[in-house]
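Listed here are the chains, written in short residue letters.
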Amino acid sequence: NAGVTQTPKFQVLKTGQSMTLQCAQDMNHEYMSWYRQDPGMGLRLIHYSVGAGITDQGEVPNGYNVSRSTTEDFPLRLLSAAPSQTSVYFCASSGQGALQNIQYFGAGTRLSVL
Amino acid sequence: AQSVTQPDIHITVSEGASLELRCNYSYGATPYLFWYVQSPGQGLQLLLKYFSGDTLVQGIKGFEAEFKRSQSSFNLRKPSVHWSDAAEYFCAVGAQDTGNQFYFGTGTSLTVIP
């Protein structure tokens, strides 16, 4: 099972560049989320989606955009990268009902902004 | 507001010794509680979860955790640690009425010495 797939695994950007972090899941999960992980900060929620066409902000949304045109995909866009966005980014998905709150994580994207 | 506290940033134990990782949460309603493990360079893997019922829950890799409502705690334990248990451990809290808005602790890094 593929589960949650994130691409790329590593990325280096210059300040001001834009890019999209891809996230895809093949479990037909309604819920998808993006987190960033920084040393000593744990995981912080950036944006999340409760279904196709529906997105909402998490704890640290500034500088990031998301969209959810399909159930499977939930890309995260950095419109103008800043050094403060250097981090490890994780995408997660979770299903309905009793499984709603069990999240499955991708392997992460390690982003450096110079 | 929901929050999760992991008081121990780093713990070192000898192989074969017992382990307890602390987690305290703050949440107004009945929480869903989780422990995740992250090996270096990897994503997060669910160790165990508590939704309701028996307050002592068993997880994978020989881990268990006990939910104590009176202490707002959900400590993770293992009777005998193996060298392969060295990793970062995260406690998380969520609730059915928050969709997939999870709140993570800052993590506890476990070192296992031979």
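Above this text is the structure in question.
Quick summary incoming for the structure in this document. Keep in mind it's a predicted model, so treat the numbers as computed, not measured. (Residues numbered from 1 in each chain as written. Chains lettered and ligands numbered in written order. Predicted model: local features only at pLDDT ≥ 70, side-chain atom pairs only at ≥ 80, totals over all residues. Heavy atoms only, no water.)

Here we look at the overall build of chain A
- Helix and strand content of chain A: zero helices and eleven strands.
- Taken from the N to the C terminus, the helices and strands of chain A come in the order β-β-β-β-β-β-β-β-β-β-β.
- For chain A, whose C-alpha radius of gyration is 13 Å, the value lies close to the compact-globule estimate of 13 Å for 114 residues.
- Along the longest, intermediate and shortest principal axes, the C-alpha atoms of chain A span 40 × 30 × 25 Å.
- Here chain A holds 114 residues, and 50% of them are scored as buried.
- Working note: accessible area of chain A is about 5100 Å², and carbon and sulfur atoms make up 52% of it.
- Looking at chain A, you have 7 positive and 7 negative side-chain charges, and the mean spots of the two groups are 12 Å apart. (Helix = DSSP H or I, 4+ residues; strand = E, 2+ residues; numbered from the N terminus. Rg over C-alpha atoms; globule rule 2.2 N^0.38 Å. Buried < 20%, exposed > 50% of the residue type's maximum accessible area, 1.4 Å probe, protein only. Areas by Shrake-Rupley, 256 points an atom, 1.4 Å probe, with all protein chains shown as cover. Lys, Arg positive; Asp, Glu negative; His and termini not counted. Charge placed at Lys NZ, Arg CZ, Asp CG, Glu CD.)

Observations regarding the interface of chain A and chain B
- Taken together, the contact between chain A and chain B spans 23 residues of the former and 21 residues of the latter.
- With both chains or domains summed, chain A and chain B bury close to 1800 Å², and 55% of this area falls on carbon and sulfur atoms.
- Remark: the boundary between chain A and chain B carries zero salt bridges.
- Summed over the shared surface of chain A and chain B, the result is three residue pairs in polar contact (both at pLDDT 80 or more).
- Listing elements by their share of the side of chain A that touches chain B, those giving two or more residues are β4 (31-38), β5 (42-51) and β9 (87-94) of chain A.
- The residue inventory of the side of chain A that touches chain B, partitioned by class, reads twelve nonpolar, ten polar and one charged. (Contact = heavy atoms within 4.5 Å. Buried area = accessible area lost by both parts, 1.4 Å probe. Salt bridge = Lys/Arg side-chain N within 4 Å of Asp/Glu carboxyl O. Polar contact = N/O pair within 3.5 Å; in protein donor to acceptor, adjacent residues only side chain to side chain. Nonpolar A, V, L, I, M, F, W, Y, C, P; charged D, E, K, R; others polar.)

Re the state of the cysteines
All names here are of chain A.
- Summed over the entire model, instances satisfying the criterion amount to two disulfides over all chains.
- Each disulfide pairs two cysteine sulfurs, and for Cys23 the partner residue is Cys91, the sulfurs being separated by 1.8 Å. Residues Cys23 and Cys91 share a disulfide whose torsion about the S-S bond is about -70 degrees; that sign makes it left-handed. Within this pair, whereas Cys23 is found in strand β3 (residues 19-25), its partner Cys91 is found in strand β9, the two being separated by 68 residues in sequence.
- You can call Cys23 buried: its relative accessible area is 2%.
- Classification of Cys91 as buried rests on a relative accessible area of 0%. (Disulfide = S-S within 2.5 Å.)

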